[in-house]
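For reference, the chains in residue letters:
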Amino acid sequence: MDGPTTIFCGWAFMNLRRYEFLLYVGPGLAYFLSLGIFPLLFSIYISFHLYQLNRPELGNPFVGVANYINAIRDPLFHDALFRSFLLTTESVILQMLLGLGLALLLATEFRGCGLTRSLLLMPMTLTPVVVGLLWRYQFQPGAGILEWIASMITGKSFYVLGEPQLALHAIVLTEVWHWTPFVMLILLSGLLAMPVEPFEAAKIDGASAIQTFRYITFPLLKRSFLVALLFRTTDSLLIFDKILLLTEGGPGTATQTLTYYNFLTAFSYWRVGYAAAISILTVIILNILSNLFIRLIWRK
Amino acid sequence: MSRKNLRLVLIYILVAITLIFFIFPIIWMVITAFKPEAETQRIPPAIIFSPTLNNFFRLLGAEVGSYHYGQFLFNSIVVAVFSTMISIPLGTLAAYGLARFSFRGNYSIAFSFLAGRFMPPIATAIPLYLMFNTLGAIDKYHSIVTVHALVEIPFVVWLMRGFFLEVPSDLDDSAMVDGCSRIGALFRVILPTVRPGLFATIIFTVIVSWNEFLFALILTRVNTRTLPVAATEFIVSFIGYDYGAMSAAGVVIGIPIIAFALMVQKHLIKGMTLGAVRA
């Protein structure tokens, strides 16, 4: 008599078992979606409306794609985008080259190599704001040691962060200082995890050091390179705190990068609808870029 | 001198240059923090001076500028601790689910969490500001705590997922055969097994929250402002620089984090790359 009930209970139980994972993944996913994805959808909505927070009398009328068209026409946005790409290219290339050099250097065994590796952890864990303060001080004429040494070498004293042609490169220097150890440690762990056999074989076959690097080390390091590139490229494109601390976007607009300009439009000019449109464009750029890397790095 | 010795000398010279470049600015900041005010702007710098704690007292106790830094230190700790208390349980459970159950969409969910790490913060900061502003939650602890927890979750999920995958699932099964429920197996058997990893992840979320800047800048005002945001005052609104107090602020913000990072040294790169680098 209780056949159907049993079958039903069994079926419900089986189904519950199938969804048991929700018990674990559900809360975290719900939190992530409600605070991460929902605001993003809201932001897309905002980007199609006029949101001028300092002029509430205008209301929030639907304006279609006007904000996006404004962005495409806005020379300040173009400059900021271009500057971010420039800064990223320059600083990431320097970080990768220096990082590779240092990784190869520290992969050799010498007394104190463990200590050196530990000491080099320090810049990259330092709070970005502190890195900003630290280098602002170093660049300051009459206070910074770096500026003092530079002025002794060149014979003249000048404020690097106040020179439109140099300020962006000064920020690159700060980035290189902050993140080269990070790149170095990624590549170093790649180097240390390498199998010995191919290198022995290359030695027996009489390969030169350059050939060994080109045909064995480099291909084996490819994944580590990609990981370093992914993190450094995406974070560099979004640089914000160091810009605020070192130059506040100046002199003039010489160091206004993508996120900094976006921040200004939203929280200084209060053109929030327009700022949302810019930020959505940023999301699209970043998504394309990071997906490309993620696919290469984490493919099964 | 033999070739081998020459090579070793060359290595030491290069290592010395590297260390000077990367470590000197930090050491200099620490030294400046202990200098009397008159010494902080002397060029060439005095090698010998009488160290003082004055900068720290001025920073944390009395007033530098218009602010009370002791309060901001407290805020930073509160935000780091409470956001970790949200992100660790939620993220760890999610990581366990993703590591132990095979279901359709497992990878998509895992990769959505990963993609969260590469989301431009400004894109969520703008709508979150509007939302919290409407709710009257600007400059309240709960708004910045919830957002920091959101920033930490991708790290927790990917790090813990990696640690769980290193533990064979036979261990769960045998615990369940012995009468544990799955939750019981997780708490009594699996979590104790991955304890070092869990510890590293906790330290890591604290670092992430402590260093976070953009959300804190936008969502906090004078009551809940965190240390990094407060420290911008040295740049933005000061007339003349107070290098002593500025360096002291740098030490107060930076040194605890360096100490924490050295504690989890082995997992640091793994953490910063969300497990992409395994060493």
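Shown above is the structure to which this text applies.
Being a predicted model, the structure only gives us computed values, none of them experimental.

Visitor: Sorry, what's going on with the overall build of chain A here?
Guide: The helix and strand inventory of chain A stands at 14 helices and zero strands. Going from the N terminus to the C terminus, chain A shows its helices and strands as α-α-α-α-α-α-α-α-α-α-α-α-α-α. Relative to the globule expectation of 19 Å for 300 residues, the C-alpha radius of gyration of chain A, 26 Å, shows a markedly less compact shape. In terms of principal-axis extent, the alpha carbons of chain A reach across some 95 × 70 × 30 Å. Burial status across chain A gives 40% buried among its 300 residues. A fraction of 70% describes how many contacts in chain A between residues 6 or more apart in sequence connect residues 24 or more apart.

Visitor: Would you mind showing me how to read the interface of chain A and chain B here?
Guide: Reports often express the size of an interface as the amount of accessible area lost when the parts come together. Taken together, the contact between chain A and chain B spans 75 residues of the former and 74 residues of the latter. No other element matches the 16 residues that helix 2 (residues 20-47) of chain A contributes to the side of chain A that touches chain B. Taken together, the residues of the side of chain A that touches chain B sort by class into 54 nonpolar, 18 polar and three charged.

Visitor: How should I be thinking about the environment of V130 of chain A in this particular structure?
Guide: Along the polypeptide, V130 of chain A turns up in helix 7 (residues 128-139). As for V130 of chain A and K242 of chain A, which are separated by 112 residues in sequence, their C-alpha atoms are 9.1 Å apart. If sequence neighbours within four positions are ignored, V130 of chain A has contacts with G250, I253 and G254 of chain B.

Visitor: Which parts of the structure should I look at to understand the packing of helix 7 (residues 170-177) of chain B against helix 8 (residues 182-193) of chain B?
Guide: Packed helices, taken two at a time, are described by the angle their axes make and the gap between the axes. All names here are of chain B. The N-to-C vectors of helix 7 and helix 8 enclose an angle of 130°; their axes lie 9 Å apart at closest approach. With respect to their mutual orientation, helix 7 and helix 8 come out oblique. As helix 7 packs across helix 8, the resulting crossing turns out to be right-handed. Between helix 7, through L171, D172, A175 and M176, and helix 8, the contact on the second element is made entirely by R182, A185, R188, V189, I190 and T193. Partitioning the contact of helix 7 with helix 8 into residue classes produces six nonpolar, one polar and three charged.

Visitor: Mind showing me how you'd approach unusual backbone geometry here?
Guide: Glycine aside, the phi torsion of most residues is negative, and most peptide linkages are trans. All names here are of chain A. Here E248, not a glycine, exhibits a phi torsion of approximately 50°, which is positive. By the secondary structure assignment, E248 is in the loop between helix 12 (241-246) and helix 13 (258-267). You can call E248 partly exposed: it has 16 C-beta atoms within 10 Å. For W270, which is not glycine, the phi dihedral falls at a positive 60°. Structurally, W270 is set in the loop between helix 13 and helix 14 (272-298).

Basis of the calculations
Residues numbered from 1 in each chain as written. Chains lettered and ligands numbered in written order. Predicted model: local features only at pLDDT ≥ 70, side-chain atom pairs only at ≥ 80, totals over all residues. Helix = DSSP H or I, 4+ residues; strand = E, 2+ residues; numbered from the N terminus. Rg over C-alpha atoms; globule rule 2.2 N^0.38 Å. Buried ≥ 20, exposed ≤ 12 C-beta atoms within 10 Å, placed from the backbone. Contact = placed C-beta atoms within 7 Å. Nonpolar A, V, L, I, M, F, W, Y, C, P; charged D, E, K, R; others polar. Axes fitted to C-alpha atoms, helices over the stretch in contact; angles between N-to-C directions. Parallel < 35°, antiparallel > 145°, perpendicular 65-115°, else oblique. Left-handed = near helix turned anticlockwise from the far one by under 90°.

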